[in-house]
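Inside the fold
Read off the chains here:
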Amino acid sequence: MTLLNRTDCEGFHRRDFLQIGAAGALGLTLPGFLAAQAQARNKGGSRPAKARGVILLWLAGGPATIDMWDNKPEAPEGIRGEFKNIPTSVPGLFFSEPLPKSAQIANRLTVVRSLYHTIPSHGPASVFMTTGNKPTAALQYPSMGSLTAKLLSVPRGVPPYVTFGGNANTNFGMAGYLGTAYNPFLIEGNGVGGEKGRGNAGGSFSVRGLSLRGTFTLEDLEKRDKLLRQFDSTFTAYDRSSELLDGLDTFHQQALDILRSDRTREALDLSREKAATLEMYGNTPFGRGALAARRLIEAGVRFATVTFGGWDTHNQNFVRLKNNLLPVLDTVLSALVRDLEDRGLLDSTIVMVAGEFNRTPRINRNAGRDHWARSMAVVLAGGGFPRGYVHGSTDASGMAPATEPCTPDDLAATIFTHLGIDPHMELTTPTGRPMQLFREGRPIEKLLG
């Protein structure tokens, strides 16, 4: 079944394409999935890695970063917003007033204020921001998460790339020319339960297709595995020269490892967290997703995307930001950065907060802001990025970068450099065409630390 859920003003849909069921996986589906991963795997990059994983906090719809990280209270009327500036823990750096918790951790953050591109449409802009390549009709580029799934290894029984919040769809967040083997594992559930998220089935997470459901038990799984091995033995007797059967056997075992493994299941069990930690993240789907992402990164996952929608603020921008959006983001970002640092994980984990574009500097007649890609800000933390640093600036009205302009492909190249992967290494498309990871991106030297 395909799930459709309209998320923005253009009718851009999220689609769930991860259709691996437990029973089917125990035949050929999941082992084939894993076999495809290994056959295509091409580890690259000889630079020393500063980071081992990435958590992308994706603000779907296009957040008004002009009212967040690059507030313009001195701009002319009709451009300046309703929020005042507040000081942060970095002298001379100011955030918008609905972000007091983020202001306190600014000394752990990198704020890029000079990012820009030229695509004011949700779908294509999302592709550019999440793949590091300008979209084209000729080729679907893989997301950064899919690239990490291909190029970086993970512990046994742990998925390399996961997404929370229904981010999997036809265009962005997916594997593109790498093939379905590198699509994200979709995490189901919202993590929000009863008292502090404990003791309530509604507060659970699970990996779609990688759990035993209904009356299908572990004993049933073992029986099916035994039967499949008997078939494999028969086929092998007829064709001992075939490498396919040996490969299927190996990857079938990996499929069972994932289904049996406690690592992923335990990482998604938030009841193991202290009540204070649950409270710090907040009892919201975004907060619970970020906490689960931290636990998965700790277990060995390489890339986790946690989606928080609702940022397409054509109407009542300031009311929605103040009452609904910014308080949740402020709580979750500050909690995640503090939590990673307390656990000794911040230096090895990149946190990225971004959406597809900014909103127009000029306020529309509905007290909203429209699509604007020619200037935007993103926030980064950990993984080798400099602390307490602001990169670039916009002009007085926030219309365009004024200093040190950079693009989404530059940012992606920088992130992969921190991961120890050469951003100019080449992969091969299904048609045999060599393709650099990021065609036009160049690492931003001042962000390399």
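So, a few notes on the structure that sits alongside this text. (Residues numbered from 1 in each chain as written. Predicted model: local features only at pLDDT ≥ 70, side-chain atom pairs only at ≥ 80, totals over all residues. Heavy atoms only, no water.)

1. Details of the overall build of the chain
The helix and strand tally for the chain stands at 12 helices and 19 strands. Going through the 449 residues of the chain one by one, you find that 57% of them count as buried. Put simply, of all contacts in the chain between residues at least 6 apart along the chain, 72% involve residues at least 24 apart. A total accessible area of about 18,300 Å² is found for the chain, and carbon and sulfur atoms account for 51% of it. (Helix = DSSP H or I, 4+ residues; strand = E, 2+ residues; numbered from the N terminus. Buried < 20%, exposed > 50% of the residue type's maximum accessible area, 1.4 Å probe, protein only. Contact = heavy atoms within 4.5 Å. Areas by Shrake-Rupley, 256 points an atom, 1.4 Å probe, with all protein chains shown as cover.)

2. Quick notes on unusual backbone geometry
In the Ramachandran plot, Gln316 falls in the positive-phi region, its phi being about 50° despite a non-glycine side chain. Looking at the element boundaries, Gln316 is found in the loop between β10 (303–308) and α11 (317–342). In this model, Ala367 sits at a positive phi of 60°, which is unusual for a non-glycine residue.

3. Comments concerning the side chain of Ser334
Assignment of secondary structure puts Ser334 in helix α11. On the basis of relative accessibility, which here comes to 5%, the residue Ser334 falls in the buried class. Only 2.8 Å separates the side chain of Ser334 from the backbone oxygen of Asp330, close enough to count as a polar contact. Every residue in contact with Ser334, bar those within four places of it in the chain, is listed here: Lys101, Ser102 and Ile105. (Polar contact = N/O pair within 3.5 Å; in protein donor to acceptor, adjacent residues only side chain to side chain.)

4. Quick notes on helix α10 (residues 285–299)
End to end, α10 covers 21 Å across 15 residues, agreeing with the expected 21 Å (1.5 Å per residue, within 8%). α10 sits mainly inside the fold: 13 of its 15 residues count as buried. Count one or two residues on from α10 and you reach Gly300, which has phi positive near 125°. (Expected span 1.5 Å × (residues − 1).)

5. As for helix α12 (residues 408–418)
With respect to burial, α12 is a largely interior element, 11 of its 11 residues being buried. Every buried residue of α12 is accounted for by Pro408, Asp409, Asp410, Leu411, Ala412, Ala413, Thr414, Ile415, Phe416, Thr417 and His418. Buried residues in α12 make contact with β3 (53–59), β6 (109–115), α4 (122–131), α5 (144–151), β11 (349–354) and β14 (376–381). Once α12 ends, the next one or two residues include Gly420, with phi positive near 80°.

6. Overview of the side chain of Thr264
Considering the arrangement of structural elements, one finds Thr264 in helix α8 (residues 262–267). Look past the residues within four positions of Thr264 in its chain and what remains in contact with it is Gly157, Val158, Pro159, Val207 and Leu296.

7. Quick notes on the nonpolar core
Among the nonpolar cores identified, the biggest contains 62 residues, and Leu57, Trp69, Phe164, Phe286, Trp311, Leu329 and Leu333 are the most heavily contacted of them. For this core, the leading source of residues is α11, giving 12 residues. Look past the residues within four positions of Trp69 in its chain and what remains in contact with it is Phe94, Phe95, Leu99, Ser102, Val111, Arg113, Leu329, Leu333, Ala377 and Val379. (Core = buried A, V, L, I, M, F, W, Y, C linked by side-chain atoms within 4.5 Å.)

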